[in-house]
Amino acid sequence: MYDESTPLTKVLDKREAKKFKDSRGIATVGDLLAYWPRRYQDRESNLAAARIGSYIVAVAEVKSATTRAMKARRGKMLQAVITDGSKDLEITFFSAYGHEGKLVPGTRALFAGKVSSFNNRLQLAHPGYSLLSDFDRGDRRDLIPIYKQVGNLHTWTVTECVRMVLDLLRESPEPIPEEILDRRDLGDRTSALRGIHTPQSHAEVDAARRRMSYEEAFILQVALAQRRARQSAESTIARSPRPGGLLDAFDERLPFTLTAGQVEVGRTLAAEMARDVPMHRLLQGEVGSGKTVIAVRAMLAAVDSGGQAALLAPTEVLAMQHHRSITAMLGDLAEGGMLGGSDIGTRVTLLTGSMSTASRRKAMLDIASGDAGIVIGTHALIQEHVSFQDLALVVVDEQHRFGVEQRDALRGKAAQPPHVLVMTATPIPRTVAMTVFGDMETSTLSELPAGRAPITTHVVPEGKPGWLQRTWQRIAEEVAQGRQAYVVCPRIGDDDEPDEEAEIFAPEAAGDTDGDGGAEDSDDDAPPPRPLASVHRVHADLVANPALEGLRIEILHGRLPADEKDGIMRDFASGGIDVLVSTTVIEVGVDVPRASVMVVMDADRFGVSQLHQLRGRVGRGGLPGLCLLVHSGDPETPHERLDAVAGTTDGFELARIDLRQRREGDILGSSQHGVRSQLQFLHVLEDEDLIEDAREDAFAVVADDPDLTAHPRLAELVHARVDAEQAAYLERG
Ligand code: ADP
Ligand code: MG
């Protein structure tokens, strides 16, 4: 008998087991059972969808079969026609040997192969097949699970392996409490696994899927509930601003009035920081909604109370910009201890990975001594041996690259748990927030400060004559009016891999190279796309372009030395540079009010939310923003993703579109490594009710039994999940 931890090498033959391991990372019985069919097929399938170049898996009946001697070679070839009752497809084997006896008229089989054309007729040359009589093993099934190929193993071989496992599977221990199973009308785990892999009906699949998805959601939520419980049992120092202190002085100097939303969020943060339980709050707000000033006010409150605050940014460029703009916002308040500085002032210190050793050492001393009240940095803040004198507040800006583990690492820098504020401009659908940030409270800034101008977005197909040149002229026109432009490219040099910060998408024509795409997938005969635009190439082209003559065009990317990056950003911010050709290093947070146009090259290679973030860099200074999304695809076909970005500035809507296009697992920010660290079953967008139920149940279970002593199997799975996430984090570095 097997259980889910049994290695597959004990179950399958060695070569097969190795294929599962090598091509899908499937090593145990549990992993194999978690390898779900990609779809289910009725016994009557439809060949009408077969197109040249597509890989199909279909049930069909042999209508006729003939063998004949070949002219040029010895042996016989077999030609047969298979049919679904209305559409026929030819199949050909150049050696009839071994097939002749099986593929006789009337035989029904599952066929798999790539559709080609011969004499103007669609055919499958040398398809793989499995006779339904073999497949059924005497137990006729109306639904046929179709798995993605594993190495070169066809779906029916996967089915065979899964059945072997299921036949000898011991009853799986149940992680979900009995009472919940009854109340939520969920089946037991073992039956669900059978329902997924060997169902008799779609209803059985649905029930099984619901049960497994619930389990996944429940385990996640139990982990989050435990985090929450631990957090609220922690105690820390309450931090309140001093009357007449830094915060008051700052508020007096603010050149604008806070929006009602900013005031309200500010109050919430102040109230939570004034408690001796650490704050854990997520602040969501559209691009440009003014989150930085909220963070600065909270940081000043922390400094007022005698502590320090750290602001963690995802990129060096953003860290430098924050350092610059926060120092400027504070004015003499940031000159604590310096001649001419304010008496109550503090110091704002920058710490990034590429600073010189000397300046880094200086920064670390200031941080350790407490002279630096506000510390701004990148990952370096987590990774280096940075110690704080008294870290009171951690602000994480633009969360999407900081997970739970990173937050923990920073929290670990304080003697007592600091208050934590995470800020993001990527709107997070509620259920995703519940899943990824389920251990935090959420605030949302919904209004933009007054005076924001709208951004107009157009899609520019490069293939349309004159359109690209018109784009460059447009930049020249803007610059002539005293404005500035960004040109964003997906990579640095022509020989470089795409930019690390960019979430590069495969071209849409690439289709599924991954085995069974079903007939729905596109062909892979599309012409190779032109090389991706690079910063260096585009810069050279623009400098040589007569339309842009006399403009100052510079480049910015992550590989430039830190001081050079800083110099370029300063120059751009002060208007010395007209056009900045860059990678996505400018994606988040960069704030240059006079920049009014953005051109994104190969925009189809970027994610929807990423494009939304990018264009948030323009239209900030009361000037209408213009964003041009250039792509080199077919100029006559509408581009769905880019049209969506052009069609709305509602970040929420775009986030949903974005999520739908990603593999669900990536929502958790985990990398591809480790099958177990991703969401396997749950569809975060669709399974909203289920996630809510699971959350309610999970929090109730943890409230009753925080250490899960009465639920050993649940405790085991929760640990496994948390460990896998940590392992994925360590792997990513
Ligand atoms: P984001 O939420 O995208 O991080 P920022 O904090 O960078 O936005 O703010 C964008 C710009 O709006 C900044 O230049 C900031 O100074 C300005 N700003 C913030 N709050 C207000 C306000 N209440 N009124 C006017 N301008 C504001
Ligand atoms: Mg920001």
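Structure report, in brief.

Conventions used here
- Residues numbered from 1 in each chain as written.
- Chains lettered and ligands numbered in written order.
- Predicted model: local features only at pLDDT ≥ 70, side-chain atom pairs only at ≥ 80, totals over all residues.
- Heavy atoms only, no water.
- Near = heavy atom within 4 Å.
- Polar contact = N/O pair within 3.5 Å; in protein donor to acceptor, adjacent residues only side chain to side chain.
- Areas by Shrake-Rupley, 256 points an atom, 1.4 Å probe, with all protein chains shown as cover.
- Nonpolar A, V, L, I, M, F, W, Y, C, P; charged D, E, K, R; others polar.
- Pairing = 2+ DSSP bridges.
- Helix = DSSP H or I, 4+ residues; strand = E, 2+ residues; numbered from the N terminus.
- Axes fitted to C-alpha atoms, helices over the stretch in contact; angles between N-to-C directions.
- Contact = heavy atoms within 4.5 Å.
- Salt bridge = Lys/Arg side-chain N within 4 Å of Asp/Glu carboxyl O.
- Buried < 20%, exposed > 50% of the residue type's maximum accessible area, 1.4 Å probe, protein only.
- Arc of directions from axis to C-beta.
- Core = buried A, V, L, I, M, F, W, Y, C linked by side-chain atoms within 4.5 Å.
- Expected span 1.5 Å × (residues − 1).
- Phe/Tyr/Trp six-rings, centres within 6.5 Å; stacked < 30°, edge-to-face > 60°.

Okay, the site of ligand 1 next. By nearness alone, 16 residues border ligand 1, and Gly-288, Lys-291, Thr-292, Arg-452 and Asp-591 come closest of all. Take Thr-257: an N or O atom from its main chain is 2.9 Å from a nitrogen atom of ligand 1. Ser-289 is positioned such that a nitrogen or oxygen atom in its backbone is 3.3 Å from an oxygen atom of ligand 1. For ligand 1, whose accessible area on its own is 570 Å², the fraction buried by protein is 83%. Taken together, the residues of the shell around ligand 1 break down into four nonpolar, seven polar and five charged.

Here we have six strands laid out as an open sheet, ordered β16-β21-β20-β17-β19-β18, and parallel in their pairing. At either margin of the open sheet sits one strand with a lone partner, and together these are β16 (455–461) and β18 (553–556). Shown here is a sheet whose adjacent strand axes are inclined to one another by a mean of 20°, direction ignored. Across the sheet, helix α20 (residues 640–647) lies against β16 and β21 (625–631), angled at about 160° from β16, the strand it touches most.

Time to look at the pattern of salt bridges. Within this structure, the stated rule accounts for 35 salt bridges. Here Arg-281 makes a salt bridge to Glu-272, at a shortest N to O gap of 2.7 Å. Residue class for Glu-272 comes out buried when judged on its relative accessible area of 17%. Across the salt bridge formed by Arg-324 and Asp-566, the nearest N and O atoms sit 2.9 Å from each other. With Arg-324 in helix α11 (residues 316–330) and Asp-566 in helix α18 (residues 562–573), the pair connects residues that are 242 residues apart, well separated along the chain. The class for Arg-324 is buried, based on a relative accessible area of 18%. Taking relative accessible area as the criterion, Asp-566 reaches 18% and is therefore assigned buried.

If you check which residues of α20 are buried, you get Arg-641, Leu-642, Ala-644 and Val-645. Buried positions in α20, seen along its axis, are confined to an arc of 155° and lie on one side of it. Counted as exposed and oriented over 90 degrees from the buried face of α20: Glu-640 and Gly-647.

Attention now moves to the sheet that holds strand β15 (residues 441–445). Taken in spatial order, the seven strands make up an open sheet running β11-β12-β10-β13-β14-β9-β15, and their pairing is parallel. Looking along the sheet, the strands with just one partner apiece sit at the ends: β11 (347–351) and β15. Within the sheet, the average angular offset between the axes of one strand and its neighbour, ignoring direction, is 20°. Relative to β15, strand β9 (residues 280–285) runs parallel, the two sharing five bridges.

On to the side chain of Thr-92. For Thr-92, the position within the fold is in strand β4 (residues 88–93). Within polar-contact distance, the side chain of Thr-92 engages the side chain of Gln-123 at 2.8 Å. Not counting residues up to four positions away in its chain, the partners in contact with Thr-92 are Met-77, Leu-78, Gln-79, Gln-123, Leu-124, Ala-125, His-126 and Pro-127.

We now examine the nonpolar core. In terms of nonpolar packing, the biggest core is built from 63 residues, with Met-299, Leu-330 and Leu-393 touching the most fellow members. Sort the elements by how many residues they give to this core and helix α10 (residues 291–304) lands first, with ten residues. Counting 31 residues, the second-largest nonpolar core is a separate cluster that includes Phe-572, Ile-586, Leu-614 and Leu-654.

For helix α9 (residues 260–273), built from 14 residues, the straight-helix expectation of 20 Å at 1.5 Å per residue is met to within 8% by its first-to-last C-alpha distance of 20 Å. Among the residues of α9, those classed as buried are Gly-261, Gln-262, Val-265, Gly-266, Leu-269, Glu-272 and Met-273. Seen along its axis, α9 keeps its buried residues to an arc of 130°; they face one direction. Exposed positions of α9 whose direction lies more than 90 degrees from the buried face are Ala-260, Glu-264 and Arg-267. Against β9, α10, β13 (391–397), β14 (419–424) and β15 lie the buried residues of α9.

With that out of the way, let us pick up unusual backbone geometry. A positive phi angle, close to 50°, is found at Asn-119, a residue other than glycine. Within the secondary structure, Asn-119 sits in the loop between β5 (108–118) and β6 (121–125). Among the residues examined, Asn-119 registers a relative accessible area of 56% and is labelled exposed. Within the chain, Asp-602 stands out as a residue other than glycine whose phi angle is a positive 50°. Looking at where Asp-602 falls in the secondary structure, it is placed in the loop between β20 (595–600) and α19 (608–615). Take Asp-602: its relative accessible area is 3%, and that puts it in the buried class.

Burial along strand β7 (residues 128–131) is two-sided: Gly-128 and Ser-130 and Tyr-129 and Leu-131, pointing in opposite directions, are all buried. Bridge analysis of β5 against β7 gives four bridges, and the strand direction is antiparallel. Across the sheet, residue Ala-109 finds its bridge partner in β7, namely Leu-131.

With respect to the helices, strands and loops of the structure, Arg-721 is situated in helix α23 (residues 712–732). Counting along the chain gives 498 residues from Arg-721 to Ala-223, while the straight-line C-alpha distance between them is 8.3 Å.

Scanning the entire structure with this criterion turns up five aromatic pairs. On the basis of an interplanar angle of 75° and a centroid distance of 5.9 Å, the ring pair of Phe-93 and Tyr-129 is categorised as edge-to-face. A residue pair is termed long-range when its members are at least 10 positions apart, and Phe-93 in strand β4 and Tyr-129 in strand β7 qualify at 36 residues. Judged by its relative accessible area of 3%, Phe-93 is buried. Clustering of aromatic rings is evident, with ring pairs tying together Phe-93, Phe-111 and Tyr-129.

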